[in-house]
Protein chains: 2
Amino acid sequence: MNNKYDELDYIIQFCSCANIRKAARTVTQAFEKQMQSTGLKVTQYYMLVNIARHKEITVSELGEIMLLEQSTATRNINILKNNGYVSITKAKDDLRTKYISITDLGLEKLEEATPIWLNIQTKIEDNLGKDKFNDLIKSLNILQESIE
Amino acid sequence: MNNKYDELDYIIQFCSCANIRKAARTVTQAFEKQMQSTGLKVTQYYMLVNIARHKEITVSELGEIMLLEQSTATRNINILKNNGYVSITKAKDDLRTKYISITDLGLEKLEEATPIWLNIQTKIEDNLGKDKFNDLIKSLNILQESIE
DNA sequence: ATCAAATATATGTATATACATATATTTCAT
DNA sequence: ATGAAATATATGTATATACATATATTTGAT
């Protein structure tokens, strides 16, 4: 590096963490804005999708497939529960375990939000172009694998 | 789509928001882990870099260049201030405005953390390969531009 | 000069996130 | 059968984030 400012400029421009976090903020806000009418946050929507995909799923399983810390999973699930979108039942064979399932109200919300999700998602895919979009997803996956 | 589950699977696999957020979590944790010894969070480090880059910068300017909501900027700055890494002075010509500058202690922290940052950053760049890394950064930027 | 509008920052509230630790329950070695 | 270890979830604490709103100050129209 030539001098201190060049180094700072390099960090500012290329920090992989800051770049990804910034992109995450931007994309999140775009989704939030469009989904606002549903009252669902995009994170809640995505979690609901994952819960709907499985008839019943435990807190920790959900955490694992979504790569969320267990305590984060617990807290995010509770928000869905408080809104009546999921129900929680104790497993009979193991009282520590809790099964999460989507409720009818949750399914309604899901159906309300999915067209909106599709709309933004399609716009993003179109704006980037299919190739660049696929590359992006691939790069993000490789990035994560390269870290573990 | 063939059926409901195919649609859910599509969302789960390709949601641009969830993909980016997941990558952000993973990368953030990698940085946090390595930087733990410094007591600096990666977000704090990056903000400190941005503050150091400018002799004096206002809260809102910092928010603008980092693409952070003003209230988020305020709160993140306060954490740095409470740790003594930045000082805050009121502008004499406009008492609403506050100038943020890095302190000596902040500079020390910065110098302590930068080699660690460089280490992780280099590892990530190397693991992905220069081309893929550059593509990723480019894709993230295009993505954001395509949204605004 | 005054008062409304604009601007800069702060605060209230809520979600998303993780780490450390606590609690409840099950499993396993003896 | 019992107690230690393992496991599943919850809670305490802290940061990062945004939106809505409040507060303080400046600017600008009259």
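Anything mentioned here points back to the structure above.
Residues numbered from 1 in each chain as written. Chains lettered and ligands numbered in written order. Predicted model: local features only at pLDDT ≥ 70, side-chain atom pairs only at ≥ 80, totals over all residues. Heavy atoms only, no water.

(A) Focus on the protein's contact with DNA strand D. Around DNA strand D lies a shell of 26 residues, among which S60, Q70, R96 and K98 of chain A together with S71 of chain B are the nearest. Counting only the atoms of DNA strand D that lie within 4 Å of the protein, the sugar and phosphate share comes to 59%. In this structure, E69 of chain B approaches DNA strand D through a main-chain N or O atom, which is 3.1 Å from a phosphate oxygen. One of the side-chain N or O atoms of S71 of chain B is found 2.7 Å from a base nitrogen in DNA strand D. For the surface near DNA strand D, the secondary-structure elements that each account for two or more residues are helix 2 (16–35), helix 4 (59–66) and helix 5 (70–82) of chain A together with helix 3 (42–53) and helix 5 (70–82) of chain B. Ranked by residues supplied to the surface near DNA strand D, first place goes to helix 5 of chain B with five residues. Class assignment for the residues of the surface near DNA strand D results in four nonpolar, twelve polar and ten charged. (Near = heavy atom within 4 Å. Polar contact = N/O pair within 3.5 Å; in protein donor to acceptor, adjacent residues only side chain to side chain. Helix = DSSP H or I, 4+ residues; strand = E, 2+ residues; numbered from the N terminus. Nonpolar A, V, L, I, M, F, W, Y, C, P; charged D, E, K, R; others polar.)

(B) Here's a closer look at the relation of the copies chain B and chain A. Of the transformation superimposing chain B on chain A, the axial component is 0.0 Å and the angular component is 180 degrees, with the fit at an RMSD of 0.0 Å. Taken together, the rotation and translation describe the operation of a two-fold axis. Taking C-alpha positions as reference, the residue of chain B nearest the rotation axis is L136 of chain B, located at 3.2 Å. (Least-squares fit on C-alpha atoms with pLDDT ≥ 70 in both.)

(C) Inspection of the interface of chain B and chain A at higher detail. At the interface, 57 residues of chain B touch 57 residues of chain A. Both faces combined, the contact of chain B with chain A buries some 5,900 Å², and carbon together with sulfur accounts for 69% of it. Taken as a group, I11, Y46 and R53 of chain B account for 10% of the area that chain B buries against chain A, more than any other trio of residues on that side. Where chain B touches chain A, the interface holds two salt bridges. Of the charged contacts in the structure, one is a salt bridge between D9 of chain A and R53 of chain B, with a shortest N-O distance of 2.6 Å. Counting the contacts that link chain B with chain A gives 20 residue pairs in polar contact (both at pLDDT 80 or more). Those elements that provide at least two residues to the side of chain B that touches chain A are helix 1 (4–14), helix 2 (16–35), helix 3, helix 4 (59–66), helix 6 (104–128) and helix 7 (130–147) of chain B. By residue number, the principal contributor to the side of chain B that touches chain A is helix 2 of chain B, which donates 15 residues. (Contact = heavy atoms within 4.5 Å. Buried area = accessible area lost by both parts, 1.4 Å probe. Salt bridge = Lys/Arg side-chain N within 4 Å of Asp/Glu carboxyl O.)

(D) Fine view of the pattern of salt bridges. Residue and element names in this part refer to chain A. Inspection of every chain in the model, using the stated rule, returns six salt bridges over all chains. Of the charged contacts in the structure, one is a salt bridge between D94 and R96, with a shortest N-O distance of 2.8 Å. On the accessibility criterion, R96 (74% relative accessible area) is exposed. (Buried < 20%, exposed > 50% of the residue type's maximum accessible area, 1.4 Å probe, protein only.)

(E) Seen up close, the side chain of S139 of chain A. Mapped onto the elements, S139 of chain A comes out in helix 7 (residues 130–147). Taking relative accessible area as the criterion, S139 of chain A reaches 8% and is therefore assigned buried. Non-local contacts of S139 of chain A, meaning those with residues more than four positions away in its chain, are made with L128, K132 and L136 of chain B.

(F) The arrangement of the protein's contact with DNA strand C in detail. S60, Q70, R75, R96 and K98 of chain B are the nearest of the 26 residues found near DNA strand C. Within the residue set of the surface near DNA strand C, elements represented by two or more residues are helix 3 (42–53) and helix 5 of chain A together with helix 2, helix 4 and helix 5 of chain B. With five residues, the single largest contributor to the surface near DNA strand C is helix 5 of chain A. Partitioned by chemical class, the residues of the surface near DNA strand C number four nonpolar, twelve polar and ten charged.

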